[in-house]
Amino acid sequence: MGNEIINLDSIDAYNRLFGLKTLHPLVTVVDLKKATQAVNHVRMKYGVYALFLKNGVYCSLKYGRKHYDYQEGSIVSFSPGQIIDVEMEKTEVAPDVVGLIFHPDLIYGTPLSDKISSFGFFDYSQMESLHLSTEERCIFLDCLDKIRKELEHPVDRHSASLLSANIQVLLEYLHRFYDRQFITRHKVNSEVLSQFERELKDYYRSDSHKDEIPSVAYFAEKVNLTPGYFGDLIKKETGLTAQEMISQHVIATAKHKLAMNDIDISLIAYDLGFQYPQHFSRLFKRITGQTPKQYRATLSDN
């Protein structure tokens, strides 16, 4: 299909692409072994939420310029707005992939609508898929089965709330499984944390003027992770957010500069990357309880 982008802005659009049956306009449980149409080398733009469990080895995904760490027994998730390249190997065996797709309209007005943003894994990208244990895979498939059975039930006034509730249960399990993965990958995560700390120190090591305060996204790119996954990893490893660690290092650097009485406080703010000195003073006081001027005065008193 070349560089053509297929807009998957509805459940039916996805099902028609693979020749699958649509039981509900806003949600579907996918089993690509039942697909009646082969799809190979296609670019998709998602307008829906999607979760896929890969059981076989006949499919690879690419997000941007990098391939997903999408091995057998792993889950990837997508949120509306993401563009994904799908590459199916030429084989007589249908891809062993199951999953869940649901439209944002399904959850409007439900408890899941308020909580969907807390499931950060929808924004994770390459090298950040969820690797399931055998037990976790059984739980995932059991949740899918409950949703599938509800889809087979005639639609009534309870359908939307029951579907939303069952989807939320599945997402809560995935949240738990990701927490487990952060723990079991402690060694790898520690290396990411160490690199983050090195990059942060290197950024402020020189005395040259900084154009801006570095963002979480800046350091996430340095370690080849998405901001969401990177932020969650740092929080699990340190108990602090990545932004809190950046701010603490900025203040520690500021204290060193404030100890040099001949440097104007406004110049220190600019050198650290603040566009406005008052923003520097506000952050300094929030973290230390003192303004930069008050902190410098205490050093003089000592």
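How each quantity is defined
- Residues numbered from 1 in each chain as written.
- Predicted model: local features only at pLDDT ≥ 70, side-chain atom pairs only at ≥ 80, totals over all residues.
- Heavy atoms only, no water.
- Pairing = 2+ DSSP bridges.
- Helix = DSSP H or I, 4+ residues; strand = E, 2+ residues; numbered from the N terminus.
- Contact = heavy atoms within 4.5 Å.
- Axes fitted to C-alpha atoms, helices over the stretch in contact; angles between N-to-C directions.
- Left-handed = near helix turned anticlockwise from the far one by under 90°.
- Nonpolar A, V, L, I, M, F, W, Y, C, P; charged D, E, K, R; others polar.
- Buried < 20%, exposed > 50% of the residue type's maximum accessible area, 1.4 Å probe, protein only.
- Expected span 1.5 Å × (residues − 1).
- Arc of directions from axis to C-beta.
- Polar contact = N/O pair within 3.5 Å; in protein donor to acceptor, adjacent residues only side chain to side chain.

Caption draft 1: The arrangement of the sheet that holds strand β9 (residues 97–102) in detail. Strand order in the open sheet formed by five strands is β2-β9-β4-β7-β10, and the pairing between neighbours is antiparallel. Lying at the two open borders of the sheet, with one neighbouring strand each, are β2 (27–31) and β10 (130–131). Looking at chain direction, strand β4 (residues 49–54) and strand β7 (residues 74–78) are connected through five bridges and run antiparallel. Looking at β7, one finds that A50 is bridged to F78. Packing against the sheet, helix α1 (residues 11–18) makes contact with β2, β4 and β9, and its axis sits at approximately 20° to β2.

Caption draft 2: Summary view of the packing of helix α9 (residues 242–258) against helix α10 (residues 265–272). Interhelical geometry of α9 versus α10 gives an angle of 145° and a closest axis separation of 10 Å. Crossing angle aside, the handedness with which α9 passes α10 is right-handed. Residues V250, T253, A254, K257 and L258 of α9 pack against I265, I268 and L272 of α10. Considered class by class, the residues forming the contact of α9 with α10 number six nonpolar, one polar and one charged.

Caption draft 3: Spatial organisation of the pairing of β4. Burial within β4 is extensive, with six of its six residues counted as buried. Strand direction decides the pairing type here: β4 and β9, joined by six bridges, are antiparallel. Bridging across to β9, F52 finds its partner in G99.

Caption draft 4: Representation of helix α4 (residues 134–152) within the structure. With 19 residues, α4 extends 27 Å from end C-alpha to end C-alpha; this agrees with the ideal 27 Å at 1.5 Å per step. By the burial criterion, the buried members of α4 are E136, F140, C143, L144, I147, E150 and L151. For α4, the buried positions fall inside an angular range of 120° around the axis, keeping them on one side. Of the exposed residues in α4, those oriented more than 90 degrees away from the buried face are T134, E135, C138, K149 and E152.

Caption draft 5: Representation of the side chain of S159 in the model. One can find S159 in helix α5 (residues 159–184). The class of S159 is buried, set by a relative accessible area of 4%. Only 2.8 Å separates the side chain of S159 from the backbone nitrogen of D156, close enough to count as a polar contact. With residues up to four places along the chain from it excluded, the contact list for S159 reads E150 and P154.

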